[in-house]
Amino acid sequence: KQWYQRRVRGLREGKTKCHVMPGFSCTPLRTDEDINGWLRFYEMSAPLVHTSVFVSRDPGLDLRLEHSHCFSEHGDGGHYHFDTTPDTVWYEGYFNLAERIVRIDAPEETHLIGRD
């Protein structure tokens, strides 16, 4: 646990904007505005541990180029959007390279909603 606490940190200092999902929507979410009105956004404080995936390009698997979630021992956590304290933020990351990408349960229909 000591190694984990010292080394595997996503955000060591600063704050970030994250969202959490309040539960399944009772109405269809058809636009970015619909999604942003449904999600709950919060500012969350370091330290936050992130699990992140970055791909350099989508090889036709309907992937997002970046996707990060975070959690903490102090109760903050969610889907990461961006930092809100750019003058004081400090990220630390350890990543590995994959040899292949496998998509499980690809959607039959896709959309660009919520993509940056």
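Please refer to the structure higher up on the page.
Per-chain numbering applies: the sequence of each chain, read as written, is numbered from 1 onward. Under the rules for a predicted model, residues below a pLDDT of 70 receive no local features and side-chain atom pairs below 80 are neither given nor counted, while totals for whole chains, interfaces and linings still include all residues. The side-chain figures draw on all heavy atoms in the structure; neither hydrogens nor water molecules are used.

What follows covers the environment of Gly-23. Counting through the fold element by element, Gly-23 comes out in the loop between strand E2 (15-20) and helix H2 (32-38). Between the alpha carbons of Gly-23 and Trp-38 there is a distance of 9.1 Å; along the sequence they are 15 residues apart. What counts as a helix is a DSSP run of H or I of at least four residues, what counts as a strand is a run of E of at least two, and both are numbered from the N terminus.

Let's shift gears to the packing of aromatic side chains. A pair of aromatic rings is counted whenever rings of Phe, Tyr or Trp (Trp by its six-membered ring) have centres within 6.5 Å, and the orientation is called stacked for planes under 30 degrees apart, edge-to-face for over 60 and tilted otherwise. In total, this model carries 2 aromatic pairs according to the counting rule given. When the ring of Phe-54 is compared with that of Phe-95, the centres are 5.4 Å apart and the planes differ by 70°; the resulting orientation is edge-to-face. Of this pair, Phe-54 sits in strand E4 (residues 49-54) while Phe-95 sits in the segment after strand E7 (90-91), placing them 41 residues apart in sequence. When sorted by exposure, Phe-54 lands in the same class as Phe-95, which is exposed. Seen from their ring centres, Tyr-80 and Tyr-91 are 6.3 Å apart, and the 90° between their planes marks the pair as edge-to-face. Here Tyr-80 is found in strand E6 (residues 77-83), whereas its partner Tyr-91 is found in strand E7, with 11 residues between them in sequence. The buried label applies to any residue whose accessible area, calculated with a 1.4 Å probe on protein chains only, is under 20% of its type's maximum; exposed applies above 50%, and partly exposed to all values in between. With relative accessibility at 15%, the residue Tyr-80 sits in the buried group. Note on geometry: a ring has a charge over it if NZ (lysine) or CZ (arginine) is within 6 Å of the ring centre and within 35 degrees of the ring normal. Stacked on the ring of Trp-90, the Lys or Arg Arg-12 has its end atom at 4.6 Å from the ring centre.

Further remarks concern unusual backbone geometry. A cis amide bond, omega 0°, links Ala-46 with the succeeding residue Pro-47. Position of Pro-47 among the secondary structure elements: in the loop between strand E3 (40-45) and E4.

Turning our attention to the pattern of salt bridges. Where charged atoms from two side chains of opposite charge approach closely, those side chains can pair. Salt bridge, as applied in this entry: a Lys or Arg side-chain nitrogen positioned within 4 Å of an Asp or Glu carboxyl oxygen. Enumeration according to the criterion identifies 1 salt bridge in this entry. Between Arg-12 and Glu-92 there is a salt bridge, and its shortest N-O distance comes to 2.7 Å. Residue Arg-12 is located in strand E1 (residues 11-13), and its partner Glu-92 is located in the segment after E7; the two are separated by 80 residues in the primary sequence. On the accessibility criterion, Arg-12 (32% relative accessible area) is partly exposed. For Glu-92, a relative accessible area of 19% corresponds to the buried category.

To continue, consider the sheet that holds E6. Note on pairing: two strands pair once DSSP finds at least 2 bridges between them. Spatial ordering of the open sheet is given by E3-E2-E6-E5-E4, a layout of 5 strands whose pairing is antiparallel. Because the sheet does not close on itself, it has two edges, and the strands there are E3 and E4. Along the sheet, successive strands turn relative to each other by an average axial angle of 35°, direction set aside. Across 6 bridges, the pairing between E4 and strand E5 (residues 66-71) is antiparallel. Looking across to E5, one finds that Val-49 is bridged to Phe-71. Axis definition: a line fitted to C-alpha atoms, over the contacting stretch in the case of helices. Angles run 0 to 180 degrees between N-to-C directions.

Geometric descriptors of this kind do not, in isolation, establish any biological role.
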